[in-house]
Amino acid sequence: MTCKLTMTLISEHQEGECGNDWKYVLDAKVFHEGLQGEGRVSVPKHILEPGNVKEPHGNPEPMVIFSGECLTELLVRMRLTATEVDMFVNDVGKVDKDLKIECPGPGREKVTKEVDIAAGVREAPAILNKNSVFTVRVRFTLVCE
């Protein structure tokens, strides 16, 4: 069964005290008996106030990160690198998250999963006890023919 897996950023959100100048990169790798596809979305510096859930800055286009045969399941390995941009030292948080997506069986053509990935960010220097959590919601759509 030939399938395409599309990654779409749905929203971004941050809570905390680190600041409001943010940029981030979301990497995704797709494994199915080895590495089969990958993609990267890089969102440039923008203002994001704490507590606001917004559409991703610049509305990045959905990205096909896998195209090929799908027999059992796909493993999507994500890495979010969130950066609160400062004048001298940027505050950076990274997190990895895995997601398994079952390939659709007979009679099903599409599987959709939404997942949140959240990175903790600590203000530098560490003597300032300020922290934030930056969250991105991502939709994966697997369509098979």
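A brief report on the enclosed structure follows. (Residues numbered from 1 in each chain as written. Predicted model: local features only at pLDDT ≥ 70, side-chain atom pairs only at ≥ 80, totals over all residues. Heavy atoms only, no water.)

1. Overview of the overall build of the chain
- Check the secondary structure of the chain and you find zero helices and eight strands.
- Start at the N end of the chain and walk to the C end: the helices and strands fall as β-β-β-β-β-β-β-β.
- Across its three principal directions, the C-alpha atoms of the chain cover 55 × 25 × 20 Å.
- The buried share of the chain, taken over its 145 residues, is 41%.
- Of the contacts made within the chain by residues no fewer than 6 positions apart, 71% connect residues no fewer than 24 positions apart. (Helix = DSSP H or I, 4+ residues; strand = E, 2+ residues; numbered from the N terminus. Buried < 20%, exposed > 50% of the residue type's maximum accessible area, 1.4 Å probe, protein only. Contact = heavy atoms within 4.5 Å.)

2. Concerning the side chain of Asp27
- Examined against the element boundaries, Asp27 turns out to sit in strand 2 (residues 21–31).
- Looking at Asp27, its side chain comes within polar contact range of the side chain of Arg40, at 2.5 Å.
- Setting aside chain neighbours within four positions, we find Asp27 in contact with Gly39, Arg40, Arg77, Met78 and Arg79. (Polar contact = N/O pair within 3.5 Å; in protein donor to acceptor, adjacent residues only side chain to side chain.)

3. A look at unusual backbone geometry
- A positive phi angle is found at Glu33, which is not glycine, with a value near 60°.
- Relative to the elements of secondary structure, Glu33 occurs in the loop between strand 2 and strand 3 (35–47).
- Taking the relative accessible area as the measure of exposure, Glu33 reaches 78% and is therefore exposed.
- For Asn59, which is not glycine, the phi torsion reads 40° and is therefore positive.
- In this structure, Asn59 sits in the loop between strand 3 and strand 4 (63–69).
- For Asn59, a relative accessible area of 45% corresponds to the partly exposed category.

4. A few points about the pattern of salt bridges
- One pass over the structure, following the stated rule, counts six salt bridges.
- Linking Lys100 and Glu73 is a salt bridge whose minimum nitrogen-to-oxygen distance equals 3.9 Å. With Lys100 in strand 6 (residues 91–102) and Glu73 in strand 5 (residues 73–84), this pair connects stretches of sequence that are 27 residues apart.
- The class for Lys100 is exposed, based on a relative accessible area of 51%. (Salt bridge = Lys/Arg side-chain N within 4 Å of Asp/Glu carboxyl O.)

5. Brief notes about the sheet that holds strand 6
- Pairing is antiparallel across the open sheet formed by four strands, whose spatial order is 3-2-5-6. Only two strands of the sheet have a single neighbouring strand rather than two, namely strand 3 and strand 6. In this sheet, adjacent strand axes meet at a mean angle of 15° when their direction is disregarded.
- Of the strand pairs in this sheet, strand 5 and strand 6 are connected by twelve bridges, and their pairing is antiparallel. Along strand 6, the bridge assignment pairs Ala82 with Gly93. (Pairing = 2+ DSSP bridges. Axes fitted to C-alpha atoms, helices over the stretch in contact; angles between N-to-C directions.)

6. Digging into the state of the cysteines
- The full count for this structure, using the stated rule, is two disulfides.
- Between Cys70 and Cys103 runs a disulfide, and the two sulfur atoms are separated by 1.4 Å. Measuring the twist about the S-S bond at about -60°, one finds the Cys70-Cys103 disulfide to be left-handed. In this pair, Cys70 is assigned in the loop between strand 4 and strand 5 and Cys103 in the loop between strand 6 and strand 7 (110–122), connecting sequence segments 33 residues apart.
- Cys70 sits in the buried class, given a relative accessible area of 3%. (Disulfide = S-S within 2.5 Å.)

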